[in-house]
Amino acid sequence: DGGITQSPKYLFRKEGQNVTLSCEQNLNHDAMYWYRQDPGQGLRLIYYSQIVNDFQKGDIAEGYSVSREKKESFPLTVTSAQKNPTAFYLCASSLSGYNQPQHFGDGTRLSIL
Amino acid sequence: SQQGEEDPQALSIQEGENATMNCSYKTSINNLQWYRQNSGRGLVHLILIRSNEREKHSGRLRVTLDTSKKSSSLLITASRAADTASYFCATDRIRGAQKLVFGQGTRLTINP
């Protein structure tokens, strides 16, 4: 079955620690996205990538970093510079071009220890 | 920045009734999309309606788009307990490079 896999499902971060969230897709999609969702809120875009080896900042990129070395993978690192990292993180992918729906993984819930 | 706003924020109805959710947005769009999110899960795409379309159907779902009023509605007919979820509209802004902007969602509860 094609889809998007996010891991881990739950993650805990200590003060001053960087943590990396994994996102892998086997849908052969060119575009991938990272969103942050706070309780009772909609999604806010952190980073997106339309092609391998290229990515762009979204609306709330500060304190986060990404890489896109392979088409299938788009890991997100939450750095120690992100002072309020507790949230639900969602990864998505889509075909290139306009008018394409996005396909989502089941998320990673990050908490502070 | 949140472009879309859903109304109401929460809706509770009896099974079998119809549920209507509304979405308003601010800037010109390529398309508007509706997604469903079950508690603690990722989003599932429901319907995409392009800016030159006025109405679209998919099973028990009906979406309308009024670009002059910058608004859209999602109607779920003959609701079921399994429809209990949060529903989000998202807009793909013109020149937005496939960047979707999501509203804050409507939490729908279907009571058996």
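Residues numbered from 1 in each chain as written. Chains lettered and ligands numbered in written order. Predicted model: local features only at pLDDT ≥ 70, side-chain atom pairs only at ≥ 80, totals over all residues. Heavy atoms only, no water.

Chemist: For unusual backbone geometry, give the residues involved together with the corresponding values.
Modeler: Note that the residue after Ser7(A), namely Pro8(A), is joined by a cis bond; omega there is -10 degrees. Along the chain, the position of Pro8(A) falls in the loop between strand E1 (4-7) and strand E2 (10-13). With an omega dihedral of 0 degrees, the bond running from Asp7(B) to Pro8(B) counts as a cis peptide bond. Its place among the elements puts Pro8(B) in the loop between strand E1 (5-7) and strand E2 (10-14). The phi angle at Asn28(A) is positive, at roughly 60 degrees, despite the residue not being glycine. (Helix = DSSP H or I, 4+ residues; strand = E, 2+ residues; numbered from the N terminus.)

Chemist: An account of the state of the cysteines is needed here, citing residue identities and associated values.
Modeler: If you walk through the whole model with that rule in mind, you get two disulfides over all chains. Here Cys23(A) is linked by a disulfide to Cys91(A), with a sulfur-sulfur distance of 1.9 Å. Because the torsion about its S-S bond is -75 degrees, the bridge between Cys23(A) and Cys91(A) counts as left-handed. Taken as a pair, Cys23(A) in strand E3 (residues 19-25) and Cys91(A) in strand E9 (residues 87-94) lie far apart in primary sequence, 68 residues in all. In this structure Cys91(A) comes out as buried when scored by relative accessible area, which is 0%. There is a disulfide in this structure between Cys23(B) and Cys89(B), and the S-S distance comes to 2.0 Å. Across the S-S bond linking Cys23(B) and Cys89(B), the dihedral sits near 65 degrees, which makes this disulfide right-handed. With Cys23(B) in strand E3 (residues 19-24) and Cys89(B) in strand E9 (residues 85-93), this pair connects stretches of sequence that are 66 residues apart. The pair formed by Cys23(B) and Cys89(B) is uniform in burial state, with each residue classed as buried. (Disulfide = S-S within 2.5 Å. Buried < 20%, exposed > 50% of the residue type's maximum accessible area, 1.4 Å probe, protein only.)

Chemist: Residues and numbers for the interface of chain A and chain B, please.
Modeler: Of the residues lining the interface, 29 residues belong to chain A; the matching set on chain B comes to 24 residues. Both sides of the chain A and chain B interface together cover about 2200 Å² of buried area, and 45% of this is carbon and sulfur. The largest share of the area that chain A buries against chain B comes from Leu43(A), Tyr98(A) and Asn99(A), three residues that together contribute 26% of it. The interface formed by chain A and chain B holds one salt bridge in total. (Contact = heavy atoms within 4.5 Å. Buried area = accessible area lost by both parts, 1.4 Å probe. Salt bridge = Lys/Arg side-chain N within 4 Å of Asp/Glu carboxyl O.)

Chemist: Before we move on, could you go through the packing of aromatic side chains and cite the residues and values that matter?
Modeler: A full pass over the atoms with the stated rule returns eight aromatic pairs over all chains. Seen in terms of ring centroids, Tyr33(A) and Tyr35(A) are 6.3 Å apart; in terms of plane orientation they differ by 25 degrees. Their pairing is stacked. Like Tyr35(A), Tyr33(A) is buried. Where Tyr35(A) meets Phe104(A), the ring centres are 5.7 Å apart and the plane angle is 35 degrees; that geometry is what we call tilted. Of this pair, Tyr35(A) sits in strand E4 (residues 31-37) while Phe104(A) sits in strand E10 (residues 103-104), and the two are 69 residues apart along the sequence. Judged by its relative accessible area of 0%, Tyr35(A) falls in the buried class. Residue Phe104(A) is classed as buried on the basis of its relative accessible area of 12%. Every member of this aromatic cluster is reached through a ring pair, and the members are Tyr33(A), Tyr35(A), Phe104(A), Tyr35(B) and Phe102(B). When the ring centre of Phe74(A) is taken as reference, the NZ or CZ atom of Arg68(A) above it lies at 6.0 Å. Sitting above the plane of the Phe88(A) ring, Arg109(A) keeps its charged end 4.5 Å from the centroid. (Phe/Tyr/Trp six-rings, centres within 6.5 Å; stacked < 30°, edge-to-face > 60°. Lys NZ or Arg CZ within 6 Å of the ring centre and 35° of its normal.)

Without other data, these values stay purely geometric and don't point to any function.
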